[in-house]
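Listed here are the chains, written in short residue letters.
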Amino acid sequence: MDSLGGLLLQIWVLLYGSFGVLALLPGITEPEFIRRCVQAHNTQRSRVTPPAVSARSMVRQVLGAQSWDNELAKGARDRARHCKASHHPGLAYFGHPPFGWMGENIWLGAPFAAFSVENAIHRWNKEGVYSLKNNNCSRLCGHYTQLMWSTSFKLGCAVNVCSKGIENFSTHPESTIFVCNYGDTGQVHGVTPNIAGVSCSGCGSEICRDNVCRYDWYPGWDHGPPSSAPSVSYWLTNLGLCLLGVCWHFYVTH
């Protein structure tokens, strides 16, 4: 949030109190909120170190379609409204059959003026010193690995102000929680978030832009052209991993 925006927000809060803060909350269908969430994710993913060979962009090239998913956003909004400093206990059963398991990142802060989409996502990027070689980090970094998970290409986010505070975090009347849900999920046990190498060297015929691959395929359940061979291969591979017992997801409470 820029300095002018922060100043205007403080004036609004002084004049209108908690009601004024709630009135400023962006909805999950607000175009500017969606644009900022998608763009901030792409910005951080394009800067991953070491570079990833085939990290997906959160915006697909075909028809300029965005990867924003309303169902994921609704789930994020539901979790944010619970005002708890913990991950959703039932991400595997979130009512989104194509994905099954979903990833989730949470940012917490107070007052509301401390929040911006860009700062929250930047904080996830900086939370831990992650080693791709050893697939571990100096401290908890589940937010980082989900943010950088190369096969995640759908997301939905929501922000909420909890006037009674956030459980296990703060009693501040402007306690703020920002939640993003992801498909395909990250945090698969024993699997690194990406493969290191020359940026986009694994994109094949897909478009490379800002060090990430802009895929022009759609899974069969998504709107758009029928799924191509790469998409079928990808989903069959993941199904095979799950059948072999590798599909074990874990979530770290922050």
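Presented here is an overview of the structure given in this document. These numbers come from a predicted model, not from an experiment.

**Looking at the overall build of the protein**
For step 1, the next point in the chain: Along the protein, the regular secondary structure elements total six helices and seven strands.
For step 2, the next point in the chain: Walking the protein from its N terminus toward its C terminus, one meets helices and strands in the order α-α-α-β-α-β-β-α-β-β-β-β-α.
For step 3, the next point in the chain: Within the span of the protein, comprising 254 residues, buried residues form 48% of the whole.
For step 4, the next point in the chain: Relative to all contacts within the protein whose residues are 6 or more apart in sequence, the contacts with residues 24 or more apart total 72%.
For step 5, the next point in the chain: When the accessible surface of the protein is split by element, carbon and sulfur atoms take 58% of a total near 12,500 Å².

**Section: helix α4 (residues 117-125)**
For step 1, the next point in the chain: Every buried residue of α4 is listed here: Val117, Ala120, Ile121, Trp124 and Asn125. Down the axis of α4, the smallest arc covering the buried residues is 145 degrees, so these residues share one side.
For step 2, the next point in the chain: Against the buried residues of α4 lie α2 (31-46), β1 (103-109), α5 (142-147) and β5 (175-183).

**A short note on the packing of α2 against α4**
For step 1, the next point in the chain: Between α2 and α4, the shortest axis-to-axis distance is 9 Å and the interhelical angle comes to 25 degrees. Taken together, the axis directions place α2 and α4 in an arrangement best described as roughly parallel. Remark: the crossing between α2 and α4 carries right-handed chirality. Residue-level contacts link Phe33, Arg36, Cys37, Ala40, His41 and Gln44 of α2 to Val117, Glu118, Ile121, His122, Trp124 and Asn125 of α4.
For step 2, the next point in the chain: Here the residues of the contact of α2 with α4 are counted per class, giving six nonpolar, four polar and two charged.

Scoring rules and cut-offs
Residues numbered from 1 in each chain as written. Predicted model: local features only at pLDDT ≥ 70, side-chain atom pairs only at ≥ 80, totals over all residues. Heavy atoms only, no water. Helix = DSSP H or I, 4+ residues; strand = E, 2+ residues; numbered from the N terminus. Buried < 20%, exposed > 50% of the residue type's maximum accessible area, 1.4 Å probe, protein only. Contact = heavy atoms within 4.5 Å. Areas by Shrake-Rupley, 256 points an atom, 1.4 Å probe, with all protein chains shown as cover. Arc of directions from axis to C-beta. Axes fitted to C-alpha atoms, helices over the stretch in contact; angles between N-to-C directions. Parallel < 35°, antiparallel > 145°, perpendicular 65-115°, else oblique. Left-handed = near helix turned anticlockwise from the far one by under 90°. Nonpolar A, V, L, I, M, F, W, Y, C, P; charged D, E, K, R; others polar.

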